[in-house]
Number of protein chains: 2
Amino acid sequence: MTLNVPADLQLLDAQDALRHKRDEFLVPDDIVYLDGNSLGCLPRGVPARLAEVTQQEWGEHLIRSWTRNAESAQDWMALPDRVAAKVSRLIGAGADEVAVGDSTSVNTFKALAAAMSITERRVLLTDADNFPTDLYMAQGLNRLLGGSWEIRTCPNTEIMEHLTPDVGVTLFTEVDYRTGRKLDMQGLTARARELGILTVWDLAHSAGAFPVDLNGCGADFAVGCGYKYLNGGPGAPAFLFVAGRHHDAAPVFLSGWMGHADPFEMARTYSPAAGARRYLVGTPQVLSLSALDEALNVFSDVDMNVLRQKSLSLTDTFIRLMEPLAEKHPLTLVTPENHDERGSQVSYRHPDAQNVMKSLIERGIVGDFRTPDILRFGFTPLYHAHADVWRAVQGIQAVLKGQK
Amino acid sequence: MTLNVPADLQLLDAQDALRHKRDEFLVPDDIVYLDGNSLGCLPRGVPARLAEVTQQEWGEHLIRSWTRNAESAQDWMALPDRVAAKVSRLIGAGADEVAVGDSTSVNTFKALAAAMSITERRVLLTDADNFPTDLYMAQGLNRLLGGSWEIRTCPNTEIMEHLTPDVGVTLFTEVDYRTGRKLDMQGLTARARELGILTVWDLAHSAGAFPVDLNGCGADFAVGCGYKYLNGGPGAPAFLFVAGRHHDAAPVFLSGWMGHADPFEMARTYSPAAGARRYLVGTPQVLSLSALDEALNVFSDVDMNVLRQKSLSLTDTFIRLMEPLAEKHPLTLVTPENHDERGSQVSYRHPDAQNVMKSLIERGIVGDFRTPDILRFGFTPLYHAHADVWRAVQGIQAVLKGQK
């Protein structure tokens, strides 16, 4: 696609402080990929790292890799901690407050089980439109607890009013996966703490997308995803944050040997490791975890405030360029125009969204359809330029014209 | 190491029906690797598969790989099922009775939670010397259940006597990770069923090591490991078996979106998928799962009865060659000589086992030390020859001589 990108957008790209980061990814040039919030692009360092882990670490050093180079913390045993340190910087947490491994779903179970065990209250407040696995994991945990909890829901636009003193734990996703609406995590967490409510934040669409400051907010627990804005690969290991103040108070329920204080002591009784390491469970999936470890290196020289500014510039540009289309077609912008309430995606409702997205993908504009009627476009400041936004809107325009 | 391998062992290797399988693995020739029961050797097909999954499936097709080639079930969504089908053949299960993903520890939690929810009894019988994570996961689950269960232990040599009508669930590992002793799974399961006891079998040292027939035994639940005899790579995804008769009776407690009947319906309430697919939880770690998928292809032309005969021939040979050493040194064979009671490893007690193993590894004889005093040697019929057994014993002899 060669398109006449407007001069103002070309200028924004020329001045982009992050423009060099695109070269660190394999960004297919036959499509406009606006789905990094489902699966981030491949960082170019990953294939070589995976080849090394496979051929040398597994193939040649075999079992010795679990402890080899332990003096420099380059052993597999320390791999989850190395990754946790890189994640913690992006979410405003201490390195010993983050455990990397398992899936977001399993980590949600761990966080909820821990939170629910340290309050006397029996109400979990969440959002009926939360990402389904959050709801399902809460439902499953409550089944295991004999249904002793009330799972109460409220619209995520009305959380503040629903923070009442009978609520024990909240489970909300900072950025809504459909609308891209970003919650006031700081304000909601502060209010929750005033009322003695424990917060569990799902950062699936936050980590790596903009600065997150869990400790600055006073958050209690958080979970997040390795394969969206962290670019760790399909189904990459997820992360769990538990504020240090809860480590000794909250029992570990998924107490596996990798979270034991000394796994190879082979003791008969579980004793938790120090810090968030205790929330590891089984043997980590080293191949997937190594890919995530390598992918996170892309962030090492990135100022997350600069990344946020670029993200807003990309989504602002998209919204502006889409305005004429929204006037002509049955498109309704559902992502807030207010910067404070916007994540790194832009979504529209369209009565025939599923077919529109199918046509867009066939044309090489890869976004997401989300039930029932959402067109979702994700923007990743590490590898998107304003020119991509322009190309996307040209494609959307052509598809919408063809729809009529 | 060039050694004069005795003619009888050379003959056994020449007649070995599985000798061609060794070429399908990277087997380091500078060591004798007797630790495939900790981490199996690298199947040669894996690096190319991983490169393809990374470069093409992730890098180029990106999010589309989740559904691409779905008509031929080659999409990522179907990957867990494809792997489950390959595992099921090795353990005597139906393909729809096996779910592949998560760790053995997490799967143990799923199996125990399910089993414990469908009995009125409140006693879990296990082995105090069971692999620690099995014990830890049972302890964690019981914490979550308010300590309402009694976790009763017995020596794994006395299980039959401890199967009493107050026991609700058993959790045993078929092959003891220290001694290599193999339980009578058939007889124990039959007796358990007579008494209305539900069985959870840990197949960590069974799957891929010899024929397993879960349905032939009438087993209820089982878990197992992808990185030992299945050669799936470090921390490879694990598997869970749930007998079909329990699918609708046992609630799913780790109810994540990947186990939902229709994940992309994004329904607010969990509805389990058909069969064991319901026991998937979060998004699978595709890189690690793809390595396991490829590794399992090695088994496609293997008759597990032939593999078992070779395993016994290898361990018989090892025990026989070690006899003179056991007479001269403080070595006590703890693996049963009776074939029916032996897995695919041989272990000795030695008062200075930790240092002996350290010296052995330095000399290139890679086995395992296990607390407090166990020297453990694992044999993998897919890539070991009797000549390896000979080389190993020569090395052990030299080290034990040097010890004195």
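Residues numbered from 1 in each chain as written. Chains lettered and ligands numbered in written order. Predicted model: local features only at pLDDT ≥ 70, side-chain atom pairs only at ≥ 80, totals over all residues. Heavy atoms only, no water.

(A) Seen up close, the UniProt feature "binding site: pyridoxal 5'-phosphate" (unreviewed entry) in chain A. UniProt records the feature "binding site: pyridoxal 5'-phosphate" (unreviewed entry) for Thr104(A), Ser105(A), Phe131(A), Pro132(A), Thr133(A), Asp134(A), Thr173(A), Asp202(A), His205(A), Tyr227(A), Trp257(A) and Thr283(A) in the present numbering. Judged by maximum C-alpha separation, these annotated positions cover 180 residues in sequence and are scattered in space, the widest gap reaching 30.4 Å. As for its placement among the helices and strands, Thr133(A) is situated in helix H5 (residues 132-144). Of the residues examined, Thr133(A) reaches a relative accessible area of 3% and is grouped as buried. Discounting chain neighbours no more than four positions away, the residues touching Thr133(A) are Ser105(A), Gly256(B) and Trp257(B). Take Thr173(A): it is sitting in strand E7 (residues 169-173). When near neighbours in sequence (up to four residues on either side) are disregarded, Thr173(A) contacts Asn130(A), Asp134(A), Leu183(A) and Asp202(A). Of note is the side chain of Thr173(A), whose polar atom sits 2.6 Å from the side chain of Asn130(A). (UniProt positions renumbered as here; feature names shortened; annotations may be inferred. Helix = DSSP H or I, 4+ residues; strand = E, 2+ residues; numbered from the N terminus. Buried < 20%, exposed > 50% of the residue type's maximum accessible area, 1.4 Å probe, protein only. Contact = heavy atoms within 4.5 Å. Polar contact = N/O pair within 3.5 Å; in protein donor to acceptor, adjacent residues only side chain to side chain.)

(B) Spotlight on the packing of helix H11 (residues 353-362) of chain A against helix H12 (residues 386-403) of chain A. All names here are of chain A. Direction vectors running N to C along H11 and H12 enclose 125°, while the axes themselves pass 10 Å from each other. Between H11 and H12, the angle falls in the class oblique. Of the two possible hands of crossing, H11 and H12 adopt the one that is right-handed. Taking contact as the criterion, the partners of Asn-355, Val-356, Ser-359 and Leu-360 in H11 are, on H12, Gly-395, Ile-396, Val-399, Leu-400 and Gln-403. Counted by class, the contact of H11 with H12 contains five nonpolar, four polar and no charged residues. (Axes fitted to C-alpha atoms, helices over the stretch in contact; angles between N-to-C directions. Parallel < 35°, antiparallel > 145°, perpendicular 65-115°, else oblique. Left-handed = near helix turned anticlockwise from the far one by under 90°. Nonpolar A, V, L, I, M, F, W, Y, C, P; charged D, E, K, R; others polar.)

(C) The arrangement of the domain arrangement of chain A in detail. All names here are of chain A. Domains assigned within chain A are domain 1 (7-44 + 303-403) and domain 2 (69-301). Across the contact, 36 residues belong to domain 1 and 24 residues belong to domain 2. When the two sides are added together, the surface that domain 1 and domain 2 hide from each other amounts to roughly 2,400 Å², 57% of it contributed by carbon and sulfur. Counting across the interface, domain 1 meets domain 2 through two salt bridges. Here domain 1 and domain 2 share 13 residue pairs in polar contact (both at pLDDT 80 or more) between them. Listed by contribution, the elements that provide at least two residues to the side of domain 1 that touches domain 2 are helix H10 (304-328), strand E12 (345-349) and strand E15 (374-378). Its residues assigned to classes, the side of domain 1 that touches domain 2 comprises 13 nonpolar, 14 polar and nine charged. (Domains from an automatic or database assignment. Buried area = accessible area lost by both parts, 1.4 Å probe. Salt bridge = Lys/Arg side-chain N within 4 Å of Asp/Glu carboxyl O.)

(D) Expanded view of unusual backbone geometry. Omega for the bond connecting Thr371(A) with Pro372(A) falls within 30 degrees of zero, at -5°, which places this linkage in the cis form. Tracing the backbone through its elements, the reader meets Pro372(A) in the loop between strand E14 (368-370) and E15. Of note in the backbone geometry, Met266(A) takes a positive phi value of approximately 55° without being a glycine. Here Met266(A) shows up in the loop between strand E10 (239-242) and helix H9 (286-296). Located in the positive-phi region is Asp102(B), a residue other than glycine, with phi close to 60°. Mapped onto the elements of the fold, Asp102(B) is located in the loop between strand E4 (98-100) and helix H4 (104-117).

(E) Here's a closer look at the packing of aromatic side chains. Using the criterion set out here, one finds 19 aromatic pairs over all chains in the structure. Between the aromatic rings of Phe318(A) and Phe379(A), the centroid separation amounts to 5.1 Å while the plane-to-plane angle is 55°, which identifies the pairing as tilted. Highlighted residues: Phe318(A) in helix H10 and Phe379(A) in the loop between E15 and H12, separated in sequence by 61 residues. Each member of the pair, Phe318(A) as well as Phe379(A), carries the same accessibility label: buried. Ring pairing ties together the aromatic residues Phe131(A), Tyr177(A), Trp257(B) and Phe264(B), which thus form one cluster. The ring centre of Phe210(A) lies 5.0 Å from the NZ or CZ of Lys182(A), which sits over that ring. The ring of Phe210(A) carries the charged tip of Arg308(A) above its face, separated from the ring centre by 5.2 Å. (Phe/Tyr/Trp six-rings, centres within 6.5 Å; stacked < 30°, edge-to-face > 60°. Lys NZ or Arg CZ within 6 Å of the ring centre and 35° of its normal.)

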